Amino acid sequence: MSSAEDFTRLPQQMWEKVSSKVKKAVVFMDDRCAEALHWSGGAEVLLEAGARNLKQFSSFEACGVNEPKAVFVVSTLLKGITVDIIKDIISLSHFQYCVVFTTVPHSVHLFANDVTAELEGSPVFEQFEEKLCEWMGNMNYTAEVMHAPVVFAPVSQHLLLTPTFTHLFPLLSPDLQAINAKRPEKKRFGSLLDVDMHSLPVELQLEIKSLAAALNSVFEATGTREESFAVGPMSRIIAGELANHPQAKNRRKTAPNKASIIFVDRTMDLTGAVGHHGDNLVEKVLTVLNPLPGHVTDVQVDMLELTSLQRTPHSQNTVAPGCLAQTQSSAAQSLWEAMLTNKHKEGVMEVRRQLVEAASKEKLPIKMSMGRVTPEQLCSYVQLFRSSWGALESHCGVLQLGLATAQTLRHPHLPRWDACLAFERLLLQALGDSDFPAVLRQLLPLMKPRGGEDSLSSGSRSGEDECGPDELILLLVYLYSLADEAQPADQEAEEEEEELEKLERELIGALTLVITRESQLSPLLQKLTGCANPEELTTERAHSAMEKMFETLRGLSHTRDHLKQLRSVYTASDGVHQATYRPFLRQILEEVFHPDRPECPDIEHMSGGLTDLLKTGFSMFMKVSRPHPSDNPLLFLFLVGGVTPSELRLIKEVVTTHKPGTQVLVLSTRLLRPTDIPALLFSSQRLTPDIGI
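Residues numbered from 1 in each chain as written. Predicted model: local features only at pLDDT ≥ 70, side-chain atom pairs only at ≥ 80, totals over all residues. Heavy atoms only, no water.

Colleague: Please set out the pattern of salt bridges residue by residue, giving values where relevant.
Modeller: For the structure on display, the rule yields 23 salt bridges. Connected via shared salt-bridge partners are Glu5, Asp6 and Arg9. (Salt bridge = Lys/Arg side-chain N within 4 Å of Asp/Glu carboxyl O.)

Shown next, in the form of structure tokens:
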């Protein structure tokens, strides 16, 4: 029987195929593959296998005369810009031996080249090998092209991320309009639930086929037969593609192990993704610290505290940053697990405990202190290690996580977390008492440029706990995702619609003013407006971006309309208890682990085939037992569009309470910060992801 641990070890095993080819080679790798490697042992894995150097996959890189071998590792199709970059690097170098690994399987390359017939061998890869020899300048030189599914990042014992598919996100109502615009009027879809694989843009089809192939490779490597279930339109398409994968059908006939996999669209619960109710340390670390360059999940940890350098405006670039991925130290890995799946206070206490334990082990002069953990206290413990190079090297992983915690706790933006949480609680209560326009109007007074007279007179500490445009956009997403929970309006529906439109115009105007007054544009604002700095941003561009944003916001309350049972994530106040948010994932898991095993109509079984069709037919006139997600000892939850650290803790708690002993492994496209959701919601690339064409 396969365990969750077998699956989290798999990513490292998948890199062995690459490692076997890197001896005496310079390795060129794109950012997505580099991020997967980062969590699977890092560059050390390839250097220990004999690689001479690792370089960025870029046309501006090349090798010298004494470097005759190159290995390329890419997460894209061998087409378009990817081919151009490989050609540029080879043309500027003196290679005699080139190996290319792509995470996209040959079957998807055939589909991308409009080849529907089943062909023997790997003709697309063989043709590319000939091109490589041409570019190297000698057809007798050696070229190899192969598929390696190095797409998974084992971020924790119970979480696998897919950096290659980090921008894959469930479709929204504007996407339905875009799909319908290219179809004849009589063949247009009524809802996202009607959209099928073949009606999607080719780029998105290729992305989904690549993901299904990657999942199939995981189940194949572990000899697992999966039963697939889906909640949400995009999940149905992905689960259906996996069920119909050509190699999967053969695997299921002989696989000795069994598992269930439930695909869930992130859009089923946006409230949980943008909310600040998650009492989790890692969620705050990811939010306030800057991302590691080229990475989506990991962050930069300032390591200056471990040196004797003076802090100056330029000292940040003197010492390389630390990070959260600590794959070489078991103590650091256990600390990371605690930070990721425990409550905030428990996580911080564990950081202090491990720092004290490490200092005591090295006989460093530590001063014990009980009570509240402060960033100053954590930094004082970390600084003790400066005096001993051996101690610093032995405990480097724990020290980086300790510094990440200290830098988060003292970060000037952290007070905004509590400010957002307070507003969210007020909005939750208001939804049970008022109609939606009345609740939405409560945000209008907040829509003021930062540092204005109003904020100074209210005693805001230099804007530290003052909501900026990012936080205001998060509150809008939070509220619109709950719009259907508001009380019905007293006036006619038409009047309410008019009032809402008028209010939205006011909000668009107010937000436009807020954004154009910013002295710096956050990464989120840069994505929304398409401007890198305030000088580029005109009032017209800001206003246009806000109008588009509200078009998407209006559809957020309807993402669960097709569900029959799990339609709400809100419990209104009953006079004794306050109104509360009910996480969608909790509801799903409670259904799955219910002792009576009820059949939930919203968790759709997708591992179809003839047997399932026959069962569906027979079920009309006799009782037929359908597969249930709790049938198997191992359960995968695949969150399409991202998972939050607080949801990982929630999953752990629900499993422990309802079915202890069950193994649950979470797979997802990314580990979410709250601001990731607006960037994904308002992206123009949902339908046409970058796959290298």
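Once you've had a look at it, read on.
Colleague: So, the side chain of Thr166: which residues are in play, and what are the values?
Modeller: Considering the arrangement of structural elements, one finds Thr166 in the loop between strand 7 (159-161) and helix 7 (173-181). A residue is classified by how much of its surface remains accessible, and Thr166, at 4% relative accessible area, is buried. Setting aside its immediate chain neighbours within four residues, Thr166 contacts Val296, Thr669, Arg670 and Leu680. (Helix = DSSP H or I, 4+ residues; strand = E, 2+ residues; numbered from the N terminus. Buried < 20%, exposed > 50% of the residue type's maximum accessible area, 1.4 Å probe, protein only. Contact = heavy atoms within 4.5 Å.)

Colleague: Lay out the packing of aromatic side chains with the relevant residues and their values.
Modeller: The tally for this structure, following the rule as stated, stands at 11 aromatic pairs. On the numbers, 5.1 Å between centres and 75° between planes, the contact of Phe436 with Tyr480 is edge-to-face. Of the two residues, Phe436 sits in helix 19 (residues 436-441) while Tyr480 sits in helix 21 (residues 469-480), which places them 44 residues apart along the sequence. Like Phe436, the residue Tyr480 is buried in the burial classification. (Phe/Tyr/Trp six-rings, centres within 6.5 Å; stacked < 30°, edge-to-face > 60°.)

Colleague: I'd love a proper account of the packing of helix 4 (residues 80-91) against helix 6 (residues 123-136), names of residues and values included.
Modeller: Each pair of packed helices gets described by two things: the angle between the helix axes and the distance between those axes. Interhelical geometry of helix 4 versus helix 6 gives an angle of 35° and a closest axis separation of 9 Å. Considering how the two elements wind past one another, helix 4 and helix 6 form a crossing that is right-handed. Contact residues: helix 4 offers Val83, Ile86, Lys87 and Ile90, while helix 6 offers Phe128, Leu132, Trp135 and Met136. Here the contact of helix 4 with helix 6 is built from residues that sort into seven nonpolar, no polar and one charged. (Axes fitted to C-alpha atoms, helices over the stretch in contact; angles between N-to-C directions. Left-handed = near helix turned anticlockwise from the far one by under 90°. Nonpolar A, V, L, I, M, F, W, Y, C, P; charged D, E, K, R; others polar.)

Colleague: Explain the sheet that holds strand 3 (residues 69-74) residue by residue, including any values.
Modeller: By way of backbone hydrogen bonds, the strands of a sheet pair with one another, either parallel or antiparallel. Reading across from one edge, 2-1-3-4-5 is the order of the five strands in this open sheet, with parallel pairing throughout. Edge positions in the sheet fall to strand 2 (53-56) and strand 5 (142-147), since each has one partner strand and no second. On average, adjacent strands in this sheet sit at an angle of 15° to one another, irrespective of strand direction. As defined by bridge partners, strand 3 adjoins strand 4 (residues 97-102) across six bridges and the pair is classed as parallel. (Pairing = 2+ DSSP bridges.)

Colleague: For the nonpolar core, give the residues involved together with the corresponding values.
Modeller: If you look at soluble globular proteins, the nonpolar side chains tend to sit buried side by side. Leu440, Leu476 and Met549 are the most contacted members of the largest nonpolar core, which has 134 residues in total. Ranked by residues supplied to this core, first place goes to helix 21 with nine residues. Not counting residues up to four positions away in its chain, the partners in contact with Met549 are Ile473, Leu476, Leu511, Leu528 and Phe682. Phe7, Ala230, Ala239 and Leu665 belong to the second-largest nonpolar core, a separate cluster that totals 60 residues. (Core = buried A, V, L, I, M, F, W, Y, C linked by side-chain atoms within 4.5 Å.)

Colleague: Account for the side chain of Arg252, naming residues and giving values.
Modeller: Structurally, Arg252 is set in helix 10 (residues 246-254). Arg252 sits in the buried class, given a relative accessible area of 15%. A distance of 2.8 Å separates polar atoms of two side chains, one belonging to Arg252 and the other to Glu226. One polar contact links the side chain of Arg252 to the main-chain carbonyl oxygen of Ala243, over a distance of 3.2 Å. Apart from the residues lying within four places of it in its own chain, the contact partners of Arg252 are Arg225, Glu226, Leu242 and Ala243. (Polar contact = N/O pair within 3.5 Å; in protein donor to acceptor, adjacent residues only side chain to side chain.)

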